[in-house]
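Given next are the chains, with one letter for each unit.
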Amino acid sequence: MNSPVQFEVLSTANHKRVGVATLNSPQTLNGLSLEMCRLLAEQLNQWERDASIAFVILKGAGDKAFCAGGDLHGLYRAMQDNQSGQAWNNAYARQFFDVEYRLDYQIHTYPKPVLCWGSGIVMGGGVGLMMGASHRVVSDTTRFAMPEITIGLFPDVGGTWMLGRLPRGIGVFLALTGAQLGASDLRMLGLADYTLESAKWPELMAQIQARPWNEFRADNDVQLGHVLQSFQAELPAGPLQKYYAQVNALCDGPDFAAVCANIASLAGNDDAWLKRAAGTFKAGAPGSARLCFALLSRVRLMSLADVFRQEYIVSLHCGVEGDFQEGIRALLIDKDKQPKWNPASLDQATDEWVQRFFASPWPDSQAHPLADLGT
């Protein structure tokens, strides 16, 4: 049986080597399972200790996706099994988010370069993996988004940290609409570092193996950057570049109702990208819209570790509040695409209502499960 993550070590022009980790579940668009997270974390630890490994490459099997998200089926079963109504009683969710968030933080703070090949679909859990890489490479096929509003969740895996640091209004728009971005828009926002034509990937890998690398992180960072720059592709401008000023103006500011009304007004736009964004927002969970808005304001000045701690709490609450389970049911289980959201309207998703998501769900005597993150 094939492993859900395949690992190999490539030789280079000298004694140094390159570790390659391939998410190996193309039939699920390389959706990230708990087992995959554990395998990745363990191998990254081994490669960190191995002095012969100069840097790491992270990619997905197949040509359709790097990683399209997380283990929604497993989380759905766990939510069904938890009939207590208590967020802390969902043992699988506690474990899954603990392991996934630690893996994402590990990539952010890895002591060796990490090249992430973000070609094809990069969404949800895939964004969490790519975001922390030192060399984020996207291609002409990249479709990047955080579409959690469509399943009653929020941009987790550090997504709120990422979106909260974008220019004013832009992060809110992406969170509330799940709008897809291509390579050019990602470069503009600083969410990707290099663009590469997908057909050039084998040639890039050959160049990496033809070069000598050393034991110094800074030297390898620079040389890897030079190699990637030599393949840099100038791709057509993306829709966010075209509508940047308009999106910024519509979604900036602390007035949740006004921002929602502005996004909804785009439904009458002639541009397909803006129209689709408005449609996704209007069909998404009103509670998720309020939660995204509140989180982006809340985490803006937090450290990365503190953001993961905050997201962990909110993720557990999402497991018992109902919309997350209902969103998965409508999309993946019954596939009727007719979720019944609760709250059912933006008016009902008040700021007072959303505060429940920020209370620690564990016993008072217990420390945060991610208390050691960043220490």
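Our subject is the structure listed above.
Draft legend 1. Seen up close, the sheet that holds strand 8 (residues 143–145). With parallel pairing, 3 strands are arranged side by side in an open sheet as 4-6-8. In this open sheet, the two strands that pair with only one neighbour each are strand 4 (65–67) and strand 8. Strand-to-strand twist across the sheet, computed as the mean angle between neighbouring axes with direction ignored, equals 15 degrees. The sheet contact formed by strand 4 and strand 6 (residues 121–123) spans 2 bridges and is parallel. Each bridged residue has a counterpart across the sheet, and for Cys67 the counterpart in strand 6 is Val122.

Draft legend 2. Examining the side chain of Asn30 more closely. Note on placement: Asn30 falls in the loop between strand 2 (17–23) and helix 1 (34–49). Setting aside its immediate chain neighbours within four residues, Asn30 contacts Leu23, Asn24, Ser25, Met36, Gly60, Ala61, Ala65, Phe66, Cys67 and Ala68.

Draft legend 3. Region of interest: the pairing of strand 3 (residues 53–60). Where burial is concerned, most of strand 3 is hidden: 8 out of the 8 residues are buried. Summarising the sheet, strand 2 and strand 3 pair through 7 bridges and their orientation is parallel. Each residue of the ladder has a partner; that of Arg17, found in strand 3, is Ile53. Here 3 bridges tie strand 3 to strand 5 (residues 114–118), and the two strands are oriented parallel to one another.

Draft legend 4. How the structure looks around helix 10 (residues 239–251). The largest bend along helix 10 measures about 50 degrees and falls at Ala245. Contacts made by the buried residues of helix 10 are with helix 6 (170–177), helix 7 (183–189), helix 11 (256–264) and helix 12 (272–283). The positive-phi residue at the C-terminal boundary of helix 10 is Gly253, with phi of around 110 degrees.

What counts, and at which threshold
Residues numbered from 1 in each chain as written. Predicted model: local features only at pLDDT ≥ 70, side-chain atom pairs only at ≥ 80, totals over all residues. Heavy atoms only, no water. Pairing = 2+ DSSP bridges. Helix = DSSP H or I, 4+ residues; strand = E, 2+ residues; numbered from the N terminus. Axes fitted to C-alpha atoms, helices over the stretch in contact; angles between N-to-C directions. Contact = heavy atoms within 4.5 Å. Buried < 20%, exposed > 50% of the residue type's maximum accessible area, 1.4 Å probe, protein only. Bend = angle between axes of the 7 residues up to and from the residue.

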